[in-house]
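Summary of structural features
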Amino acid sequence: MTLRVGLSGGIGSGKSTVSAQLASLGAVVVDADTVAREVVGPGTPGLAQIADRFGPDVIAADGSLDRPALGQVVFGDARARRDLEGITHPLIRRRSQELFESAPDDAVVVHDVPLLVELGMGADYALTVIVDVPEEERLRRLVELRGMDEEAARSRIRAQADDEQRRAAADVLLDNAGTLDDLHARVNDLWSGRIVPFRDHLADGIPGSAAPGAARAGEGERLRARVEAALGRPLGEGVDPDILDEPAARHGLHRRGLLVLTGDGQAGVDGRASGASDEVVIASADPASAARLRLRVG
Ligand code: ADP
């Protein structure tokens, strides 16, 4: 199965630069902004639904979505915004899923999502990579390199999560405060030293084994959040062992890079713990992660 990597970072952090480099290294990149535009492109059912709900004025003369007009309609109207999201979000989810599933089996799929942290999607991936640059430097790059108006850039930055929130979601914090060459070298290292081994270890059932302390803070919490997302329920006291055998749960764990281990720390047959133990241990195949989650079963 493919390894799914989430990629994000504040506006101006260098996320697009990283995503382009990962693509050139061989990743299949799914760009959330592109998908969001595509599902409401001219002639799509998505655009027809929007016209039905918001009227013909939100369609431009060339048959495309008139974004400024739609923006006017939903601005400050929570109900209209909810309706709009009710139309677009399922379409975006379905199309993204199609793209993920059409990637080759041994692919690394990178989902480039500007609002990954804001949307609480960190636990949906095997690895969440955040490009990290202090806010003032991002502002400088947006204004000087991308020619944005300073006030507009500030307000875009303010509308997003702050750097601390983003850092908490990150398995990998990719520092891009230095030069483009520095970034380039870091992305190469990340690819060959962590992402590719992660994909291979996941396929082979080899859990991570980094020295404790090498991991980023919050590793245990991120593992727990992934397991809860995979099982679709809070963990509470323990889990019903049958849940771990459900195909949806297995699939959910696997696509988050997680392995169910037996007592001796090996991946169980079919990824399931063997023996009569009343405990299962879940670990990531991320080679840089030593976190283990012990679950009481039964
Ligand atoms: P994002 O996609 O996160 O908004 P970009 O990848 O477009 O960010 O980067 C913002 C701008 O900063 C671009 O002009 C990019 O070329 C430039 N940039 C990215 N990283 C660096 C860096 N380390 N040093 C200097 N400029 C950079």
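Quick note: structure is the one above.
Attention here is on the structure that accompanies the text. (Residues numbered from 1 in each chain as written. Predicted model: local features only at pLDDT ≥ 70, side-chain atom pairs only at ≥ 80, totals over all residues. Heavy atoms only, no water.)

What to know about the overall build of the protein
What the protein contains, in helices and strands, is 12 helices and eight strands. Taken against the 2.2 N^0.38 rule, which gives 19 Å for 298 residues, the C-alpha radius of gyration of the protein at 21 Å falls within 12% of a compact globule. Its C-alpha atoms give the protein principal-axis dimensions of about 65 × 45 × 35 Å. Among the 298 residues that make up the protein, the fraction classed as buried is 45%. Pairs at least 24 apart in sequence give 68% of the contacts found in the protein among residues at least 6 apart. Carbon and sulfur atoms make up 51% of the accessible area of the protein, which totals about 14900 Å². (Helix = DSSP H or I, 4+ residues; strand = E, 2+ residues; numbered from the N terminus. Rg over C-alpha atoms; globule rule 2.2 N^0.38 Å. Buried < 20%, exposed > 50% of the residue type's maximum accessible area, 1.4 Å probe, protein only. Contact = heavy atoms within 4.5 Å. Areas by Shrake-Rupley, 256 points an atom, 1.4 Å probe, with all protein chains shown as cover.)

Structural notes on the site of the ligand
The environment of the ligand is formed by 15 residues, the closest being Gly12, Ser16, Thr17, Arg146 and Asn176. One of the side-chain N or O atoms of Thr17 is found 2.6 Å from an oxygen atom in the ligand. Separating a nitrogen atom of the ligand from a backbone N or O atom of Leu180 is a distance of 3.5 Å. If the ligand stood free it would expose 560 Å²; the protein chains cover 82% of that surface. With three residues, the single largest contributor to the shell around the ligand is helix 1 (residues 15-25). (Near = heavy atom within 4 Å. Polar contact = N/O pair within 3.5 Å; in protein donor to acceptor, adjacent residues only side chain to side chain.)

Section: the pairing of strand 7 (residues 279-284)
Most of strand 7 sits out of view: five of its six residues are buried. Sheet topology note: the strand 6 (residues 258-261)/strand 7 ladder contains four bridges and is antiparallel. Pairing of Val260 across the sheet is with Ile282, part of strand 7. Bridge count for strand 7 against strand 8 (residues 292-296) is five bridges, and the pairing is antiparallel. Residue pairing for strand 8: Glu279 is matched across the bridge by Arg296. (Pairing = 2+ DSSP bridges.)

Overview of helix 1
Looking only at helix 1, the buried set comprises Lys15, Val18, Ser19, Gln21 and Leu22. Along the axis of helix 1, the buried residues cluster in a sector spanning 160 degrees; they form a single face. Looking at the buried positions of helix 1, the neighbouring elements they touch are strand 1 (3-9), strand 2 (28-31), strand 3 (108-112), strand 4 (127-132), strand 5 (172-175) and helix 9 (180-204). (Arc of directions from axis to C-beta.)

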